[in-house]
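Close look at the chain arrangement
Below are the chains, spelled out letter by letter.
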Amino acid sequence: MTALAAVLGFPVGHSRSPAMHNAAFRAMGLDWRYVKLPVPPERLEETVRALPASGYRGVNVTIPHKLAALEIADEATEAARAIGAANTLTFRDSRITADNTDAGGLLDTLGESPKGRRALVLGAGGAGRAAAWALKEAGAEVLIWNRTPERATQLANELGIEATSEPTEADLLVNATSVGLDPTTTEEQALRELRLSTVDCRLSTVLDLVYGDSPPAVTRWASKAGAHVIDGLEVLVRQGARSFQLWTGREPPLDTMREAARGADPAAAA
Ligand code: NAP
């Protein structure tokens, strides 16, 4: 029987995960199929509980289900528990295990350990939490800035990191806000909204978690300044690769996944 995996979200039409995972299954000769499941919040729990009996081995969860998925799971990894959100559920031996591969995926994109480096995370939402926790765990000195300062302070207290009221220079700058998601956002707007106008990023690595069909505003700004830029699609690929490994136990074909994610037409990927 074909093994199944899925991404559960609401909406979920934009997801590039089906194209990425289906390409990986094909490349590895696995009889697996990955689908999109649009699930409203009030149907999440019953849907998740019904999936294992229907041949599903695991799912990714995305907006708005990452917190609820953690609650539904029978057990959770330290990453998922500490971040307070799950993006991957694995179904095995009648148990549901929650993990957060966004955190490890982000570290994988860096290529080298951030230990001892100064990292500034912009945004204290779900992505900011995962980024800040991952970087702290990996030994970076982490500062967090958020438009609504109370959220930055609260997250800083929870994770034992520092909140900052103004973004400053850092070895690693992570945009974990949704600024730039709207493709019409200009660089000037983004810099104003993120208070980056006076920040010099020439010597920084800039990781813009936002991605789209064309380079988003923070990516454009950092590229022009000459920073080392890592785009959000690479984080998508790396978190997906970790989910793939959890479900199949196989080494993920990274190049295949990257190529499929970059080439994916989300509207067409079933
Ligand atoms: P979220 O929980 O809704 O958080 C949104 C964050 O953006 C908050 O910190 C919010 O600040 C901030 N923000 C929104 N509009 C802003 C503005 N105009 N100026 C300054 N800050 C603003 O969303 P999320 O799940 O963390 O996702 C954030 C971004 O990361 C999204 O673009 C998402 O697509 C991306 N993401 C990418 C990946 C990947 O694999 N590449 C994975 C996860 C998420 P306030 O607290 O002040 O509202």
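Everything below is about the structure shown above.
The paragraphs below set out a description of the structure included in this document. (Residues numbered from 1 in each chain as written. Predicted model: local features only at pLDDT ≥ 70, side-chain atom pairs only at ≥ 80, totals over all residues. Heavy atoms only, no water.)

Moving on, we come to the nonpolar core. Counting residues in each nonpolar core, the largest one holds 30 residues, and the members touching the most others are V121, L135, I144, V174 and L207. Put simply, the parts of the chain that give this core at least two residues each are α4 (78-83), α5 (101-110), β7 (118-122), α6 (126-137), β8 (141-145), α7 (149-159) and β10 (172-175). Looking at this core, the element that brings in the most residues is α6, giving six residues. A domain split of this core shows at least three residues from each of domain 1 (3-99 + 236-269) and domain 2 (104-230). (Core = buried A, V, L, I, M, F, W, Y, C linked by side-chain atoms within 4.5 Å. Buried < 20%, exposed > 50% of the residue type's maximum accessible area, 1.4 Å probe, protein only. Helix = DSSP H or I, 4+ residues; strand = E, 2+ residues; numbered from the N terminus. Domains from an automatic or database assignment.)

Relative to each other, α5 and helix α10 (residues 232-248) sit at 120 degrees, their axes nearing to 8 Å. Classed by the angle they form, the pair α5 and α10 counts as oblique. As α5 runs across α10, the sense of the crossing is right-handed. Contact with α5, carried on its side by T101, D102, G104, G105, L106, D108 and T109, involves E234, V235, R238, Q239, R242, S243 and L246 of α10 and no other residues of that element. Grouping the constituent residues of the contact of α5 with α10 by class yields three nonpolar, six polar and five charged. (Axes fitted to C-alpha atoms, helices over the stretch in contact; angles between N-to-C directions. Parallel < 35°, antiparallel > 145°, perpendicular 65-115°, else oblique. Left-handed = near helix turned anticlockwise from the far one by under 90°. Contact = heavy atoms within 4.5 Å. Nonpolar A, V, L, I, M, F, W, Y, C, P; charged D, E, K, R; others polar.)

By volume, the second largest pocket is sized at about 190 Å³. Taken together, L110, E112, S113, P114, R117, D171, L172, L203, S204, T205 and H228 form the lining of the second largest pocket. Residue classes in the lining of the second largest pocket are distributed as four nonpolar, four polar and three charged. (1 Å grid on protein atoms, 1.4 Å probe; cavity = no way out; pocket = protein on both sides within 12 Å on 5 of 7 lines; lining within 4 Å. Points joined across faces, edges and corners; volume = space filled by probe spheres on them.)

Time to look at the site of the ligand. Neighbouring residues of the ligand: 21 residues in total, closest A127, N146, R147, T148 and R151. Within the side chain of R151, a nitrogen or oxygen atom sits 2.7 Å from an oxygen atom of the ligand. A distance of 3.2 Å separates an oxygen atom of the ligand from a polar backbone atom of S178. Its free accessible area being 930 Å², the ligand has 78% of it covered by the protein chains. Sorting the residues of the shell around the ligand by element identifies α6 and α10 as the ones contributing at least two each. With three residues, the top contributor of residues to the shell around the ligand is α10. When the residues that make up the shell around the ligand are grouped by side-chain class, the tally is ten nonpolar, eight polar and three charged. (Near = heavy atom within 4 Å. Polar contact = N/O pair within 3.5 Å; in protein donor to acceptor, adjacent residues only side chain to side chain. Areas by Shrake-Rupley, 256 points an atom, 1.4 Å probe, with all protein chains shown as cover.)

The next thing to look at is the pattern of salt bridges. Within this structure, the stated rule accounts for 19 salt bridges. A salt bridge links R43 to E46, with the shortest nitrogen-to-oxygen separation between them at 3.0 Å. Overall, R43 belongs to the partly exposed group, its relative accessible area being 42%. What makes E46 partly exposed here is its relative accessible area of 47%. Across the salt bridge formed by E158 and R129, the nearest N and O atoms sit 2.4 Å from each other. Residue E158 is found in helix α7, and its partner R129 is found in helix α6; the two are separated by 29 residues along the sequence. The exposure class of E158 is partly exposed, given its relative accessible area of 44%. Each of D231, E234, R238, D255, R258 and R262 takes part in one network of salt bridges that share partners. (Salt bridge = Lys/Arg side-chain N within 4 Å of Asp/Glu carboxyl O.)

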